[in-house]
Amino acid sequence: MRFTCGGLISAAALALAVIQTLDQDSALAALQAQDASVATAGFRLAQANLGLCGDRAFLAGITPHYLNQYDAAFRDTASRQFQLKALPSVLAVAAGSPAERAGLRADDRLLAADGPPFAAAQPRGDAGSFADTERALDLIDRAAADGKLLLRIERGGAASDI
């Protein structure tokens, strides 16, 4: 689920200020908790306002992330803490969402969506980039366009379908 509201940008700026005052492990744990809260709030708002939308889409309630979206100074910690490698994993699952009901969990590695595999992260430089994460969101959106979504995930070293 994507949000571009000014309020969320302000929340991100506040989160960045908090992150700068914490150690990296605590900062990333706080960021993950905040992303889960935002994902849940966004999912609930979208569901509550379906009647106002002319263009409806299936909302899975998944917030993916790639290692290369993090600033270079945080990548080692993010890799260790989230077990991030080349493929995306789940940063957060919106409470009450289809993803939560299906059993998807934070830190599940995303392998494929309705068949097509998720692309491996591309090197993006020190500043980090959301380009690969945007592509993952697009793949999820395309796969869920029919109202159903089959994800191939890896959890605890074993692959399964959700």
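Scroll up to find the structure this text is about.
Scope of this entry: the structure provided in the associated data block. (Residues numbered from 1 in each chain as written. Predicted model: local features only at pLDDT ≥ 70, side-chain atom pairs only at ≥ 80, totals over all residues. Heavy atoms only, no water.)

1. Considering the overall build of the chain
Okay, step 1: Summing up its helical and strand segments, the chain has five helices and five strands in all.
Okay, step 2: Along the chain direction, N to C, the helices and strands of the chain fall in the order α-α-β-α-β-α-β-α-β-β.
Okay, step 3: Considering only intrachain contacts with a sequence separation of at least 6, the fraction spanning at least 24 residues in the chain is 67%.
Okay, step 4: Working note: accessible area of the chain is about 8700 Å², and carbon and sulfur atoms make up 57% of it. (Helix = DSSP H or I, 4+ residues; strand = E, 2+ residues; numbered from the N terminus. Contact = heavy atoms within 4.5 Å. Areas by Shrake-Rupley, 256 points an atom, 1.4 Å probe, with all protein chains shown as cover.)

2. Remarks on unusual backbone geometry
Okay, step 1: One non-glycine residue with positive phi stands out, namely D107, at about 80°.
Okay, step 2: By secondary structure assignment, the location of D107 is in the loop between α4 (98–102) and β3 (109–113).
Okay, step 3: Accessibility expressed as a relative area gives 30% for D107, which makes it partly exposed.
Okay, step 4: A positive phi angle, close to 50°, is found at D114, a residue other than glycine.
Okay, step 5: Looking at the element boundaries, D114 is found in the loop between β3 and α5 (131–143). (Buried < 20%, exposed > 50% of the residue type's maximum accessible area, 1.4 Å probe, protein only.)

3. Side note on the side chain of D132
Okay, step 1: Position of D132 among the secondary structure elements: in helix α5.
Okay, step 2: Polar side-chain contacts of D132 include one of 2.5 Å to the side chain of N68.
Okay, step 3: Not counting chain neighbours up to four residues away, the residues in contact with D132 comprise Y66, N68, A121, Q122 and R124. (Polar contact = N/O pair within 3.5 Å; in protein donor to acceptor, adjacent residues only side chain to side chain.)

4. Brief notes about helix α2 (residues 24–48)
Okay, step 1: Taking 1.5 Å per residue as the helical rise, α2 with its 25 residues ought to reach 36 Å, and the 36 Å between its terminal C-alpha atoms agrees with that figure.
Okay, step 2: Looking at where α2 begins, the residue whose side-chain oxygen comes 3.1 Å from the main-chain nitrogen of D25 is D23. (Expected span 1.5 Å × (residues − 1).)

5. Concerning the nonpolar core
Okay, step 1: Residues I62, L104, F118 and L151 are the most contacted members of the largest nonpolar core, which totals 17 residues.
Okay, step 2: Taken together, the elements giving at least two residues each to this core come down to β2 (89–93), β3, α5 and β4 (151–155).
Okay, step 3: Here F118 is in contact with Y66, L87, P88, L110, L111, A112, A113, A136, L139, I140 and L151, once residues within four sequence places are set aside.
Okay, step 4: In terms of nonpolar packing, the next biggest core, distinct from the first, is built from seven residues, Y70, A78, L84 and L91 among them. (Core = buried A, V, L, I, M, F, W, Y, C linked by side-chain atoms within 4.5 Å.)

6. What to know about the pattern of salt bridges
Okay, step 1: As enumerated under the stated definition, the model contains five salt bridges in all.
Okay, step 2: With a closest N to O distance of 3.0 Å, R80 and D25 form a salt bridge. Of this pair, R80 sits in helix α3 (residues 72–82) while D25 sits in helix α2, placing them 55 residues apart in sequence. (Salt bridge = Lys/Arg side-chain N within 4 Å of Asp/Glu carboxyl O.)

7. Description of the side chain of N68
Okay, step 1: Within the element layout of this structure, N68 appears in the loop between β1 (62–65) and α3.
Okay, step 2: For N68, a relative accessible area of 7% gives the class buried.
Okay, step 3: Excluding residues that lie within four positions of it along the chain, N68 makes contacts with R75, A121, Q122, R124, G128, S129 and D132.

8. What to know about the environment of Q69
Okay, step 1: Tracing the backbone through its elements, the reader meets Q69 in the loop between β1 and α3.
Okay, step 2: Excluding its chain neighbours within four sequence positions, the residues that come into contact with Q69 are P64, G128, S129, F130 and T133.

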